[in-house]
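Here is how the chains run, residue by residue.
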Amino acid sequence: MKKSTKIAGLALAAIIGVGGACMLTACGGGNDPTPNANVEVLTQGGVKSVLKDGSVLVSYKGQTLQWSKADPTVGRMQDGWWAGIKVIAPTEKFDLEKAVYSAKDDMSNPTSFKDSRDGDNWIGLWGLATEEFMNNETFKEQGYFSYNRYYDWDGDGTYDSHVILRIHTDCTLAPAAE
């Protein structure tokens, strides 16, 4: 199986911030939204939250991101500072032959889950943080940059899960290993 195509370098078209309208819930007493995706944090410091619409947000805020060597076997195609999550397909409403994902909620330019998966039922999403991103005026003003993925698990043309990997510009980059 082919390893998933991950975000690398300046793939700015795939970086879409989620605005203030999708604030985190602070509900209690059974009012918390149900997450629409099963996500595990792969790199230290990520905080997982559920937005009001059920989208899953993994946020790196104020963390020191560790430098990692390129490792194409897990989708890190270049040396750099990476944040990563694992998105696991649901056990219900999942068709491996039809499942796709996209960086856009209209599911345009979908990528086959089957051809990109990292395991039988999961795919990694890696976000690359660079000094250029961290110092980009637009991202600094916004306070973060985000990698969005929309998953259509049954191939019906509409997304079932939305996952956001967000790196805040207050993170620091650990010294690069040599």
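Model, not experiment: these values are computed from the prediction.

With respect to the pairing of strand β10 (residues 144–152)
Move 1: Among the 9 residues of β10, 9 are classified as buried, and the element is accordingly described as predominantly covered.
Move 2: In this sheet, strand β11 (residues 161–168) lies alongside β10 in antiparallel orientation, the contact comprising 8 bridges. Within the sheet, the bridge partner assigned to Ser 146 lies in β11 and is Arg 166.

What about the side chain of Ser 59?
Move 1: By the secondary structure assignment, Ser 59 is in strand β3 (residues 56–60).
Move 2: Side-chain polar atoms of Ser 59 contact the side chain of His 168, separated by 2.8 Å.

Describing the environment of Trp 153
Move 1: Tracing the backbone through its elements, the reader meets Trp 153 in the loop between β10 and β11.
Move 2: Overall, Trp 153 belongs to the buried group, its relative accessible area being 3%.
Move 3: Dropping the residues within four chain positions of it, Trp 153 is found in contact with Val 87, Ile 88, Ala 89, Pro 90, Lys 93, Phe 94, Asp 95, Ala 99, Phe 113, Asp 160 and Ser 161.

Re the packing of aromatic side chains
Move 1: All told, the structure shown has 10 aromatic pairs when counted by the stated rule.
Move 2: Centroid distance Phe 94 to Trp 153: 5.8 Å. Interplanar angle 70°. Geometry classified as edge-to-face. In this pair, Phe 94 sits in the loop between β6 (80–88) and β7 (100–102) while Trp 153 sits in the loop between β10 and β11, placing the two residues 59 residues apart along the sequence.
Move 3: Note on Phe 113 and Trp 153: the rings are 5.3 Å apart at their centroids and 80° apart in plane angle, and the pair reads as edge-to-face. Taken together, the positions of Phe 113 in helix α1 (residues 113–116) and Trp 153 in the loop between β10 and β11 put the pair 40 residues apart, joining distant regions of the chain. Residue Phe 113 shares its accessibility class with Trp 153, and that shared class is buried.
Move 4: Within the aromatic cluster, the residues linked to one another by ring pairs are Phe 94, Tyr 101, Phe 113, Tyr 151 and Trp 153.

Brief notes about the pattern of salt bridges
Move 1: If you walk through the whole model with that rule in mind, you get 4 salt bridges.
Move 2: Asp 154 serves as the salt-bridge partner of Lys 93, at 3.6 Å between the closest nitrogen and oxygen. Taken as a pair, Lys 93 in the loop between β6 and β7 and Asp 154 in the loop between β10 and β11 lie far apart in primary sequence, 61 residues in all.
Move 3: Among the salt bridges present, the one from Lys 114 reaches Glu 97, with a minimum N-O distance of 2.9 Å. Of this pair, Lys 114 sits in helix α1 while Glu 97 sits in the loop between β6 and β7, and the two are 17 residues apart along the sequence.
Move 4: For Lys 114, a relative accessible area of 28% corresponds to the partly exposed category.
Move 5: Connected through shared salt-bridge partners, Lys 93, Asp 154 and Asp 160 make up one network.

Criteria and thresholds
Residues numbered from 1 in each chain as written. Predicted model: local features only at pLDDT ≥ 70, side-chain atom pairs only at ≥ 80, totals over all residues. Heavy atoms only, no water. Buried < 20%, exposed > 50% of the residue type's maximum accessible area, 1.4 Å probe, protein only. Helix = DSSP H or I, 4+ residues; strand = E, 2+ residues; numbered from the N terminus. Pairing = 2+ DSSP bridges. Polar contact = N/O pair within 3.5 Å; in protein donor to acceptor, adjacent residues only side chain to side chain. Contact = heavy atoms within 4.5 Å. Phe/Tyr/Trp six-rings, centres within 6.5 Å; stacked < 30°, edge-to-face > 60°. Salt bridge = Lys/Arg side-chain N within 4 Å of Asp/Glu carboxyl O.

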